Amino acid sequence: MRMIGHVAVNVFKESVRDKVLYNLVAFAVLLIVVSYLLGQLTAGQDVKIIKDLGLAAIATFCLFIAVFIGIGLVWKEVERRSIYSLLSKPIRRSEFILGKYAGLVLTLLVNVSIMTAAFYAVLAYLDTQFAESVRAGWPAPATDPGMLKAIVLIFVELMLVTAVALFLSTFSSPFLSAALTFGLWIVGHFNADLRNFEAVVESRPAAYLARGLYYVLPNFAAFDVKAQVVHSLPVPSSYVATTAAYGGVYVSLLLTAAVMVFSRRDFK
Amino acid sequence: MRFPAVLLILLMGGVIGLQAVHERRGGVPAVDTPDMLYVRSPEAMRRLALSYRSVLADVYWIRAVQHYGSTRLSNDPNAKYDLLYPLLDLTTSLDPRFNVAYLFGALFLAGPPPGGPGRTDLAIALLEKGLQAQPDKWEFAENIGFVHYWWRQDYPEAAAWFTRAAEMPGGPFWLKSMAAVTLAEGGRRDSSRVLWQEIAKSDLEGLRNEAQRRLAQLDAMDQIDQLQAAADGFERQVGRPVADWDDLRRAGYLRGFPADPTGTPYRIQSGRVTLDETSRLHPLPVQPAG
């Protein structure tokens, strides 16, 4: 466990050195500029749009971090040949993989936390710009804590994306890993269509295959409750817990597979 | 180290200067291309949007507002609002709870040319789509009634929708009396005023502004009626139509020069009193007499 912690902290430090946290500045600037411009562009929907945009930006910025850093976690060590000196130390391969994963998840956690704070700060400021009569018409307060449910699920989704990228990077090139991770992420949003495939095809085998893929492929659409929280629709805590558990089990599956593949790799 | 900094500043100055020249020359040569909407199918867009449906709905909403605003301000009597309904349809398909898009969208669509496309059918279709998505939203039923009342002058249909809205959960009681008044004396200015006064209480700023404008139009219509009565009285008394406001002032019908609620002077020509075309209240709605 200590070894995993050491590797994780090093991954986090490396991401700080690589100026990954600079994206936080871009996020803050985006939110501030957009919230200033929105008043001129739209008919009084500033708060809704800032909520939509803020949640989407948190998900997107961190998705890119998860994919592009995730695919390089193992590959970089192999490419630099630092893997030889690392594995000669008293560290198991499983600890190496889990440490790398935990480090990137820590980086994402810091990013998501700071972005969330900035997001709520902008909303709190916007809240002061409207009269009480206008605020009374909003479906939810500007700084509605219910949005945290969507952010929690975004974070679990990012953990899953990171696990996919890390798993793929244990046996394929960075380019292929990135393409496959993005591909899986996109397919994962069409999960409901796979479920209903039998309604549009006559072939039974094709329908069974689609049904099988529906259960096997990661269902990324399940993590998206952004629209619900923005409109203050109920998102039961049981739904958040079940979806987070689904993400957790899927992450465990991918990390186990990643450890297995990486343990069998021959670096001689 | 100092030289590159100076060079950077000089180059930045060059970029800004050339951009100013570019702007002075009128920018990129104009190409007469119509506004484009590459994806018109709401279903296709819902799929393409992945987890960004709400953000894309916002983008289409902003495009709809900009399209409506720029077309309305173009001063082109043949201005077309071709993209307005497709944009609103995409917005509300991507985010079926985008209530403002239904309410404002219907106002935009129903407005008669040149201030709008005059498509009351599409305004009603949009609001009915909203009712399908949120069957308990009495405001949509009220607005359908309103489109029938104000723009279509179909009072029985308007009364039916007001009744339906009143019977929905949370529907205000005054809509029931509004329905009765609409059936009994549909189109009277007083009942129109009651409707707009209720809309003026909306928590949506845009709707409140529109209601204030409509109420000012109703006031202007009352004032024009009074001025017209004075002008007619003058004509009966003197035997010729009023030439200008001075005629009425000298005859004791007026003390000053009459202006509409926005401060723009009324016009009088050959004895007919009208709203000035530059007034923010122009054109006045087609309404029966008060």
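Treat the numbers as computed from the prediction; the structure is a model and nothing was measured.

Colleague: I tried to follow the overall build of chain A on my own but got confused; where do I start?
Modeller: Broken down by element type, chain A carries 13 helices and zero strands. When the helices and strands of chain A are placed in sequence order, the string is α-α-α-α-α-α-α-α-α-α-α-α-α. Projecting the C-alpha coordinates of chain A onto the three principal axes gives extents of approximately 70 × 55 × 30 Å. Within the span of chain A, comprising 268 residues, buried residues form 39% of the whole.

Colleague: What is the right way to read the environment of L83 of chain B from this model?
Modeller: Topologically, L83 of chain B is positioned in the loop between α3 (53–72) and α4 (84–94). Along the backbone, L83 of chain B and Y68 of chain B are 15 residues apart, and their C-alpha atoms lie at a distance of 8.8 Å.

Colleague: Which parts of the structure should I look at to understand the interface of chain B and chain A?
Modeller: Accessible area lost when the parts come together is the quantity often used to give the size of an interface. Chain B puts 18 residues into the contact, and the matching count from chain A is 21 residues. If you list the elements that add at least two residues to the side of chain B that touches chain A, you get α3, α5 (99–110) and α11 (205–238) of chain B. The class makeup of the residues in the side of chain B that touches chain A is nine nonpolar, three polar and six charged.

Colleague: How should the domain arrangement of chain B be read in this particular structure?
Modeller: Residue and element names in this part refer to chain B. You can read the domains of chain B as domain 1 (42–184) and domain 2 (187–290). The distance between the C-alpha centroids of domain 1 and domain 2 comes to 28 Å. Between domain 1 and domain 2, the contact holds 13 residues from the first and ten residues from the second. When contributions to the side of domain 1 that touches domain 2 are tallied by element, the ones reaching two or more residues are α5, α7 (138–151) and α9 (174–185).

Colleague: Could you clarify how one ought to interpret the confidence of the model for chain B in this entry?
Modeller: Residues and elements named next belong to chain B. Per-chain confidence: chain B averages 85 in pLDDT, with 94% of residues scoring 70 or above. Considering each helix and strand of chain B separately, the mean pLDDT is smallest for α9, with a value of 77, and largest for helix α6 (residues 120–133), with 96. Among the scores for the predicted complex, ipTM is 0.80 and pTM is 0.77.

Colleague: Please explain the packing of helix α8 (residues 147–169) of chain A against helix α9 (residues 174–187) of chain A as it appears in this structure.
Modeller: The relative placement of two packed helices comes down to the angle between their axes together with the axis-to-axis distance. Residue and element names in this part refer to chain A. Between α8 and α9, the least distance of the axes is 9 Å, while the angle of their chain directions is 145 degrees. For α8 against α9, the interelement crossing comes out right-handed. Residue-level inspection shows V161, V164, A165, L168 and S169 of α8 in contact with α9, the latter providing P174, S177, L180, T181, L184 and W185. When the residues that make up the contact of α8 with α9 are grouped by side-chain class, the tally is eight nonpolar, three polar and no charged.

Colleague: Sorry if this is basic, but what is going on with unusual backbone geometry here?
Modeller: Peptide bonds are trans in most cases, and residues, glycine excluded, mostly fall at negative phi. All names here are of chain B. Residue P114 follows P113 across a cis peptide bond; omega there is 0 degrees. Turning to its location among the elements, P114 is positioned in the loop between α5 and α6. Phi at L50 takes a positive value of approximately 50 degrees, unusual for a residue other than glycine. Relative to the helices and strands, L50 resides in the loop between α2 (42–48) and α3. For L50, a count of 16 C-beta atoms within 10 Å corresponds to the partly exposed category. Not every positive phi belongs to a glycine, and S270 is a case in point at roughly 50 degrees.

Colleague: I tried to follow the environment of I32 of chain A on my own but got confused; where do I start?
Modeller: Residue and element names in this part refer to chain A. Examined against the element boundaries, I32 turns out to sit in helix α2 (residues 22–41). Take I32: there are 14 C-beta atoms within 10 Å of it, and that puts it in the partly exposed class. Considered as a pair, I32 and E79 are 47 residues apart in the sequence and their alpha carbons are 40 Å apart.

What counts, and where the lines are drawn
- Residues numbered from 1 in each chain as written.
- Chains lettered and ligands numbered in written order.
- Predicted model: local features only at pLDDT ≥ 70, side-chain atom pairs only at ≥ 80, totals over all residues.
- Helix = DSSP H or I, 4+ residues; strand = E, 2+ residues; numbered from the N terminus.
- Buried ≥ 20, exposed ≤ 12 C-beta atoms within 10 Å, placed from the backbone.
- Contact = placed C-beta atoms within 7 Å.
- Nonpolar A, V, L, I, M, F, W, Y, C, P; charged D, E, K, R; others polar.
- Domains from an automatic or database assignment.
- pLDDT = per-residue confidence, 0-100.
- Axes fitted to C-alpha atoms, helices over the stretch in contact; angles between N-to-C directions.
- Left-handed = near helix turned anticlockwise from the far one by under 90°.

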